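# Structural overview for review
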Amino acid sequence: MSGEHIESGWLTCGACHQSYEIVRRVPRFVSRDNYGNSFGWQWQAHARTQYDSHTGGTISEERFFKETGWPRDLRGATVLEVGCGSGRFTELVARTGALLVSIDISAAVDVNQALNGANNNIVFAQCDLNRLPFRRHCFDRVFCFGVLQHTPNVEAAFRALLAMPRPGGHVVADVYARQPWYKHLVNTKYWVRPLTRRMSAERLHRWVSRYITLMWPATKVISRCPLGRRIALGLLICDYRGRFELDDDQLRDWAILDSFDMLSSAYDQPQSIETVRRWVAEGGLHDAQVQYGYNGIEIRACVPSL
Ligand SMILES: C[S@@+](CC[C@H](N)C(=O)[O-])C[C@H]1O[C@@H](n2cnc3c(N)ncnc32)[C@H](O)[C@@H]1O
């Protein structure tokens, strides 16, 4: 024990007597070695890159409150964050006063714990969203950003989220939008991913960093052309010049992070809006909004009241 925290030990389920190890204050419900390993590596290398408190801007804050439509005061509410990464949204939700449970399948949760663990209203766990270790329907609000397309079965992952909000509770998620086949075909990341997603994270990150640093002056020129960002993306560079107000070093850091992310993840499975609408209808969700947004398709809905 240290203060209110259990540094290490075992968490034992009173019902099934299964035990889960607590390592560095975080209970572990998955094996250390899993398909999210590249994310663990990525978020250690870019722990604070996208934190508003690091960039000095409001990029993550604007996205969070726009995408969720939630109030800024959530005192008294319980919130589940699924696939927290290094915790750029965790720091924002912590400020709403909610009791937040923040989970991730990868070692990203350790980065989040190290950066946000001083807040007494956050609990962390390393677990798989497909096997969440919580009672069903016990959270007031659930959000899941940038995760679904990176799971082996996107529909099953979406359904797993729906089991978490209480009756009448809110769920917000997003998923990459599937492009028409002719656009998908010319999306160069899908040409190289069969190779890059098999590379060691360390090696790939080294290559991506070198490549982007080398190409950075050229992308500056390209960014001034019409369709400049699309051209850069064709060159496998996520260039946010003109989109986000960041200084040049920060823009390069974001480019390295997101270019690595798109090349390294084990799964990248965009969905069509019709498919997502069907899932929402089959889930019996209320007040549902399914629309194109920041990161593809956004879903905002309430689960039915009893
Ligand atoms: C692109 S990152 C997004 C992180 C954060 N939500 C954000 O938007 O900054 C995707 C995260 O989802 C996590 N993830 C992928 N599959 C998961 C699963 N089955 N259960 C829980 N987390 C998962 C990854 O480890 C990674 O940290």
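The structure we're discussing is the one just above.
Before going into details, it helps to say that this report is about the structure given with it. (Residues numbered from 1 in each chain as written. Predicted model: local features only at pLDDT ≥ 70, side-chain atom pairs only at ≥ 80, totals over all residues. Heavy atoms only, no water.)

Turning our eyes to something else, we now look at the sheet that holds strand β3 (residues 26-27). Strands sit in the order β1-β2-β3 across an open sheet of 3 strands; the sheet is antiparallel. Two strands in the sheet have a free side with no partner beyond their single neighbour: β1 (9-12) and β3. For strand β2 (residues 19-23) and β3, the ladder comprises 2 bridges, and the chain directions are antiparallel. Within the sheet, the bridge partner assigned to V23 lies in β3 and is V26. (Pairing = 2+ DSSP bridges. Helix = DSSP H or I, 4+ residues; strand = E, 2+ residues; numbered from the N terminus.)

This part takes up the sheet that holds strand β5 (residues 99-104). What the 7 strands build is an open sheet, ordered β6-β5-β4-β7-β8-β10-β9; its pairing is mixed. Looking at strand neighbours, the two that pair on one side only are β6 (122-126) and β9 (286-293), the edges of this open sheet. The sheet shows a mean angle of 15° between the axes of neighbouring strands, taken without regard to direction. Relative to β5, strand β4 (residues 78-82) is paired through 5 bridges, and the arrangement is parallel. Within β5, the position partnered with E81 by the bridge is S102. Strands in contact with helix α5 (residues 108-116) are β4, β5 and β6; relative to β6, the strand with the most contacts, it is inclined by about 160°. Against the sheet, helix α6 (residues 154-162) touches β4, β7 (139-144), β8 (165-175) and β10 (296-302), its axis set at about 150° to β8. (Axes fitted to C-alpha atoms, helices over the stretch in contact; angles between N-to-C directions. Contact = heavy atoms within 4.5 Å.)

The next point concerns the side chain of H205. Tracing the backbone shows H205 in helix α9 (residues 201-222). The class of H205 is buried, set by a relative accessible area of 11%. Excluding residues that lie within four positions of it along the chain, H205 makes contacts with W41, A45, H46, I256 and F260. (Buried < 20%, exposed > 50% of the residue type's maximum accessible area, 1.4 Å probe, protein only.)

This next bit is on the pairing of β2. Pairing of β1 with β2 involves 4 bridges; the strand directions are antiparallel. What sits directly across from W10, in β2, is E21. In sequence, β1 turns back onto β2 through a hairpin of 6 residues, with H17 there showing a positive phi of about 65°. Between β2 and β3, which pair antiparallel in sequence order, lie 2 residues; one of them, R24, sits at a positive phi of approximately 45°.

Going through the model one piece at a time under the given rule, you end up with 18 aromatic pairs. With 4.6 Å between their ring centres and 45° between their planes, Y20 and F29 make a pair best called tilted. Take F29: its relative accessible area is 23%, and that puts it in the partly exposed class. With a centroid separation of 5.4 Å and an interplanar angle of 55°, the aromatic rings of F244 and W254 are classed as tilted. One end of the pair, F244, is in the loop between α10 (228-234) and α11 (248-264); the other, W254, is in helix α11, and 10 residues separate them in sequence. For the pair F244 and W254, a shared accessibility class is recorded, and that class is buried. (Phe/Tyr/Trp six-rings, centres within 6.5 Å; stacked < 30°, edge-to-face > 60°.)

Let's shift gears to the site of the ligand. Y35, G83, D104, D128 and F145 are the nearest of the 20 residues found near the ligand. At 2.8 Å from a nitrogen atom of the ligand is found a side-chain nitrogen or oxygen belonging to Y35. A distance of 3.2 Å is found between an oxygen atom of the ligand and a side-chain nitrogen or oxygen belonging to S106. When isolated, the ligand has an accessible area of 600 Å², and the protein chains bury 96% of it. Going through the elements one at a time, α1 (37-45) and β5 are the ones with two or more residues in the shell around the ligand. Tallied by class, the residues present in the shell around the ligand amount to 11 nonpolar, 5 polar and 4 charged. (Near = heavy atom within 4 Å. Polar contact = N/O pair within 3.5 Å; in protein donor to acceptor, adjacent residues only side chain to side chain. Areas by Shrake-Rupley, 256 points an atom, 1.4 Å probe, with all protein chains shown as cover. Nonpolar A, V, L, I, M, F, W, Y, C, P; charged D, E, K, R; others polar.)

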